[in-house]
Amino acid sequence: YLREMFPSRPGLVNRLTTNVKGWNASGQEFECDAILNDGPEVFVAEIKASWIREDSILTDDPGDFEQQLLSRYGLKDGEHKGVAQLARSIGAIIRGEWMGPNKELATAQTLYPILIVHDERLSYPGTAAFLNKEFRRYLGDVPEGRRVESIIILTVADVENLTSSVENFGFAEMIRDYTLQCPARNDSVLNFLYHSRYGALVKPPQKLR
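Report on the accompanying structure. (Residues numbered from 1 in each chain as written. Predicted model: local features only at pLDDT ≥ 70, side-chain atom pairs only at ≥ 80, totals over all residues. Heavy atoms only, no water.)

### With respect to helix H4 (residues 83–94)
Convention followed: Counting from the N terminus, the helices are DSSP H or I runs at least four residues long and the strands are E runs at least two residues long. What a helix should span is 1.5 Å times the count of its residues minus one. We call a residue buried when its accessible area falls under 20% of the maximum for its residue type, exposed when it is over 50%, and partly exposed in between, using a 1.4 Å probe and counting protein chains only.
Between its terminal C-alpha atoms H4 stretches 16 Å, which fits the 16 Å expected from twelve residues at 1.5 Å a residue. Within H4, the full set of buried residues consists of Val-83, Ala-84, Gln-85, Leu-86, Ala-87, Arg-88, Ser-89, Ile-90, Gly-91, Ala-92, Ile-93 and Ile-94. Following H4 by one or two positions, Gly-96 has its phi on the positive side, about 75°.

Here you go:
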């Protein structure tokens, strides 16, 4: 779907790169699932097919659900997943430790961390805010004059809808507006789309039709 939104064309700059390998100042290697380079703004995405266990939601202890989130999308037993992966890669970019395979990210001023998930329960209110706290904890220092936005959660259904809808509006434009209008991330991208000016512009994906 991302390739459909940002196809490669001969003679034009390829804005979208996928499965990009990099490293931070400590020499730790990482891989970004997708990077959309929009000049001073860079959108970094991790794509996860993990699912939250049903029994962690049905208990009386909300800590069970939080532990599930951390084990699937955080730092667990030394393994970086989801937001921890985003924190490591974005931290390396924003601090100039790694600037992309061809130094194309050297001018990045604002970075947008995007978590693309199969589990639609991650769009529940409060989930993005919780994961953003974890993301900030792993991220480390951000140099003065640069900015890292809060975590944005896109479900696969969101991406499917955007695939055809970006004929009517820009993906980066929509992400910027969502960031400004939903700073606490208490509203899902889906709700934002249908209760904003984008509502009339969203159309079902051509492939599914």
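After that view of the structure, there is still more to cover.
### A look at the pairing of strand S8 (residues 152–155)
Heads up, the condition is: Should DSSP find at least two bridges between two strands, the strands are taken to pair.
The side-chain alternation of S8 yields two buried faces, one formed by Ile-152 and Leu-154 and the other by Ile-153 and Thr-155. The pairing of strand S6 (residues 110–117) with S8 spans four bridges and is classified as parallel. Note that in S8 the partner of Ile-116 across the bridge is Leu-154.

### What to know about the packing of helix H3 (residues 62–73) against helix H5 (residues 127–139)
Any two packed helices are characterised by the angle at which their axes cross and by the distance between the axes. Counted only if it meets this: An axis is simply a line fitted to the C-alpha atoms; with a helix, the fit covers only the stretch in contact. Between two such axes, the angle follows the N-to-C directions and lies from 0 to 180 degrees. An angle below 35 degrees is read as roughly parallel, one above 145 as roughly antiparallel, one from 65 to 115 as roughly perpendicular, and any other as oblique. The crossing is said to be left-handed when, going from far helix to near helix, the turn is anticlockwise and less than a right angle, and right-handed when the turn is clockwise. Contacts are residue-level and defined by heavy atoms, with any inter-residue pair within 4.5 Å sufficient. For this classification, the nonpolar set comprises Ala, Val, Leu, Ile, Met, Phe, Trp, Tyr, Cys and Pro, the charged set comprises Asp, Glu, Lys and Arg, and every other residue, Gly included, is treated as polar.
For the pair H3 and H5, interaxial distance at closest approach is 11 Å and the crossing angle is 55°. Compared by their axis directions, H3 and H5 come out oblique. In this structure, H3 crosses over H5, and the sense of that crossing is right-handed. Note on element contacts: H5 touches H3 through Thr-127, Phe-130, Leu-131, Glu-134 and Tyr-138, opposite Phe-65, Glu-66, Leu-69, Leu-70 and Tyr-73. When its residues are assigned to classes, the contact of H3 with H5 shows seven nonpolar, one polar and two charged.

### Let's talk about the packing of aromatic side chains
This is how the line gets drawn: Geometry of aromatic contacts follows a simple scheme: Phe, Tyr and Trp rings, the Trp one being its six-membered ring, pair when their centres are within 6.5 Å, and the pair is stacked under 30 degrees between planes, edge-to-face over 60, tilted otherwise. Criterion for a charge above a ring: Lys NZ or Arg CZ within 6 Å of the ring centre, and within 35 degrees of the ring normal.
As enumerated under the stated definition, the model contains six aromatic pairs in all. Centre to centre, the rings of Phe-169 and Tyr-198 are 4.7 Å apart; their planes meet at 65°, and the pair counts as edge-to-face. With Phe-169 in the loop between helix H6 (156–165) and helix H7 (171–181) and Tyr-198 in the segment after helix H8 (189–194), the pair connects residues that are 29 residues apart, well separated along the chain. There is no split in this pair, since Phe-169 and Tyr-198 are both buried. Their ring planes at 50° and their centres at 5.9 Å tell us that Phe-192 and Tyr-198 sit as a pair that is tilted. Accessibility assignment for this pair places Phe-192 and Tyr-198 in one class, buried. One aromatic cluster in this structure is built from Phe-169, Tyr-178, Phe-192 and Tyr-198. A cation sits over an aromatic face here: Arg-197 above Tyr-198, 4.3 Å from the ring centre.

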